[in-house]
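# Inside the fold
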Amino acid sequence: MIKARLRDFVETEIGFFAVNTYEHPKDRIFAFLRYLNLNAIDSNTDILTKYDLNKNDIRQMNGKKYIKITDTTKTYGILKDYFPEYLFYDETKDITLHAVPNEDVINILSPYNRLNEILESQNDEFEKKCKNLADILHNYGLSYKYMGVSGSTVIKLNNKNSDIDFVIYGMKNHKKARSILKTIFEENEENEKDKKNKNKLNTKNIYPLSEDFWKKAYNKRIKDNTLLYDEFVWHEKRKYNRGVISNTMFDLLATRNWDEINSKYGDYAYKNLGFIKIECDIVDDDYIFDNPAIYKIDNVKIVDFEVGSEKIELSLPTGFENRRFSLNPDEIKEIVSFTHTYAGQAFNDEKVIVRGKLEGVSSPYGNYKRIVVGTSREAFNEYIKLKT
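Below is a summary of the structure that appears in this document. Predicted model, so just to flag it, every value in this text is computed and none were measured.

## Points about the overall build of the protein chain
Within the protein chain, the regular secondary structure consists of seven helices and 22 strands. Over its C-alpha atoms the protein chain spans a radius of gyration of 22 Å, differing by no more than 12% from the 21 Å that the globule rule assigns to 388 residues. For the C-alpha atoms alone, the extent of the protein chain along its principal axes is close to 70 × 60 × 40 Å. Across the 388 residues that make up the protein chain, the buried fraction comes to 54%. Contacts in the protein chain between residues at least 24 apart in sequence constitute 67% of all its contacts with a sequence separation of at least 6. For the protein chain, the computed accessible surface area is about 18,900 Å², with 45% contributed by carbon and sulfur atoms. Charge-centre separation for the protein chain: the mean point of 60 positive side chains lies 3 Å from the mean point of 61 negative side chains.

Below you can see the structure in the form of structure tokens.
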């Protein structure tokens, strides 16, 4: 079994896949196609036109051309049409997923190893910014051994428009990193008020996102109107997991330490039960920046529930029962988000409104139900919002 975890990348002949979980079957790695090797496609096939891919975002490395694909529908379509061996029906999740067979793995690319390369020497201004960010976090008390860089940087396909996907290993370390960023923002705000004192000027070049950067982030993340721009920015600003360093946007991304990965593939099985909207309280936020982000919840009130085409609207937390299905709100124990947009969306003791897919969970540790937000990267009509 090949060892891989969240934020690693898998190199194959057809491109680079982003590992998106900690648990994998013995014969393959769950990872999502992010950068397609155009050289792996028949030259007679105009895949750029067929799938409406961005011709201006073709990147070259080692004589090969790659194109970044973020649209879920397009990536599934490309794999289905050209590389079906990279699609795998996962019985435990009742869904077809991207998965790389072990025999097709050329290399596992680690964010930790890539950052260590950059700390040793930098080849361009972008890599200097990565090192600068790592140095600043280290100077505030975070060890280099808990840091990495993922995304296009880990596979060396970053360009002038790339953001920095900065990985923090360990949930407590990620919380510390966010606290450091909050401190830096507050220090900079104080220094801006006292510009006459040159010793207090911001030499870190780290700032909160400007309006232009927030708009870029919003347009990248929100593909429908489930969150309005002002709602999105309000939720994001209090997370302290995103900033700008020397005019380049960065994210602080949480990944579990190896000793925090306790379950294995097959321990949990999930069954799709329909779509649901609830109100609830957050009672455990330890893993809300992980992927999936996990929120433990209580005091669930079901607002509406869709079984197939049938929609049942409820105004009281009394549950629902008919000939096909019964649902007690007390059975719903957690929310999980597979999209970065809804990670860190709410904290302990806050009340939220949630819409997503209801799943039944079976495991050796007990059976319960959960709500999944982010059944696709775009999370159409799925959300977590603070109830105000």
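## Details of the sheet that holds strand 9 (residues 147-150)
With mixed pairing, five strands are arranged side by side in an open sheet as 9-10-13-12-11. The strands lining the two open edges of the sheet, one partner per strand, are strand 9 and strand 11 (206-207). As judged from the four bridges shared by strand 12 (residues 242-245) and strand 13 (residues 248-255), these two strands associate in the antiparallel manner. Residue Ile245 lies in a different strand from strand 13, and its bridge partner there is Thr248. On top of the sheet, helix 4 (residues 125-139) reaches strand 9, strand 10 (164-169), strand 11, strand 12 and strand 13; it is set at about 30° to strand 10, its chief contact. Against the sheet, helix 6 (residues 211-221) touches strand 12 and strand 13, its axis set at about 130° to strand 12.

## Structural notes on helix 3 (residues 111-120)
Among all positions in helix 3, only Pro111, Arg114, Leu115 and Ile118 are buried. Viewed end-on, helix 3 has its buried residues packed into an arc of 95°, placing them on one side of the element. Capping of helix 3 at its N-terminal end is provided by Ser110; its side-chain oxygen lies 3.2 Å from the backbone amide nitrogen of Tyr112.

## A few points about the pairing of strand 1 (residues 9-12)
Along any regular strand the residues' side chains alternate between the sheet's two faces. The sheet contact formed by strand 1 and strand 8 (residues 107-109) spans three bridges and is antiparallel. Its bridge partner lying in strand 8, Val10 is registered against Ile108. Alignment of strand 1 against strand 2 (residues 15-19), held across four bridges, turns out to be antiparallel. Counterpart to Thr12 in the pairing with strand 2 is Gly15. Between strand 1 and the antiparallel strand that follows it, strand 2, lie two residues.

## Re the pairing of strand 6 (residues 87-90)
In strand 6, alternate side chains face the same way, and those of Phe88 and Asp90 are buried while those of Leu87 and Tyr89 on the opposite face are not. Pairing of strand 6 with strand 7 (residues 95-101), which is carried by four bridges, proceeds in the antiparallel orientation. Residue pairing for strand 7: Tyr89 is matched across the bridge by Thr96. In this structure, the hairpin formed by strand 6 and strand 7 is closed by a connection of four residues, where Asp94 is found at a positive phi of approximately 60°.

## Some details on the packing of aromatic side chains
Evaluated as defined, the whole model comprises 13 aromatic pairs. Aromatic pair Phe30 and Phe88: ring centres 6.0 Å apart, planes at 50°, arrangement tilted. Highlighted residues: Phe30 in strand 3 (residues 28-37) and Phe88 in strand 6, separated in sequence by 58 residues. Given a relative accessible area of 19%, Phe88 falls into the buried group. Geometrically, the ring pair formed by Trp214 and Phe232 is edge-to-face, given 6.4 Å between the ring centres and 85° between the ring planes.

## Notes on the packing of helix 6 against helix 7 (residues 229-237)
Across the interface, helix 6 lies against helix 7 with an axial gap of 10 Å and an inter-helix angle of 105°. By the angle between their directions, the pair helix 6 and helix 7 is classed as roughly perpendicular. Counting all contacts with helix 6, which are made through Glu211, Trp214, Lys215, Ala217, Tyr218 and Arg221, the residues of helix 7 involved are Tyr229, Phe232, Val233, Glu236 and Lys237. Each residue belonging to the contact of helix 6 with helix 7 can be placed in one class, and the counts come to six nonpolar, no polar and five charged.

## Quick word on unusual backbone geometry
Across the junction of Asn291 and Pro292, the peptide omega takes the value 0°, indicating a cis bond. Within the secondary structure layout, Pro292 lies in the loop between strand 14 (269-287) and strand 15 (293-307). Of note in this structure, Asp52 is not a glycine but carries a positive phi near 50°. Backbone geometry at Asn299 places phi at a positive 55°, although glycine is not the residue there.

## Points about the packing of helix 3 against helix 4
Here helix 3 crosses helix 4 at 100°, and the two axes come no closer than 9 Å. On the basis of the axis angle, helix 3 is roughly perpendicular to helix 4. Contacts between helix 3 and helix 4 involve Arg114, Leu115, Ile118 and Leu119 on the former and, on the latter, Glu127, Cys130, Lys131, Ala134 and Asp135. Class assignment of the residues belonging to the contact of helix 3 with helix 4 gives a composition of five nonpolar, no polar and four charged.

About the cut-offs
- Residues numbered from 1 in each chain as written.
- Predicted model: local features only at pLDDT ≥ 70, side-chain atom pairs only at ≥ 80, totals over all residues.
- Heavy atoms only, no water.
- Helix = DSSP H or I, 4+ residues; strand = E, 2+ residues; numbered from the N terminus.
- Rg over C-alpha atoms; globule rule 2.2 N^0.38 Å.
- Buried < 20%, exposed > 50% of the residue type's maximum accessible area, 1.4 Å probe, protein only.
- Contact = heavy atoms within 4.5 Å.
- Areas by Shrake-Rupley, 256 points an atom, 1.4 Å probe, with all protein chains shown as cover.
- Lys, Arg positive; Asp, Glu negative; His and termini not counted.
- Charge placed at Lys NZ, Arg CZ, Asp CG, Glu CD.
- Pairing = 2+ DSSP bridges.
- Axes fitted to C-alpha atoms, helices over the stretch in contact; angles between N-to-C directions.
- Arc of directions from axis to C-beta.
- Polar contact = N/O pair within 3.5 Å; in protein donor to acceptor, adjacent residues only side chain to side chain.
- Phe/Tyr/Trp six-rings, centres within 6.5 Å; stacked < 30°, edge-to-face > 60°.
- Parallel < 35°, antiparallel > 145°, perpendicular 65-115°, else oblique.
- Nonpolar A, V, L, I, M, F, W, Y, C, P; charged D, E, K, R; others polar.

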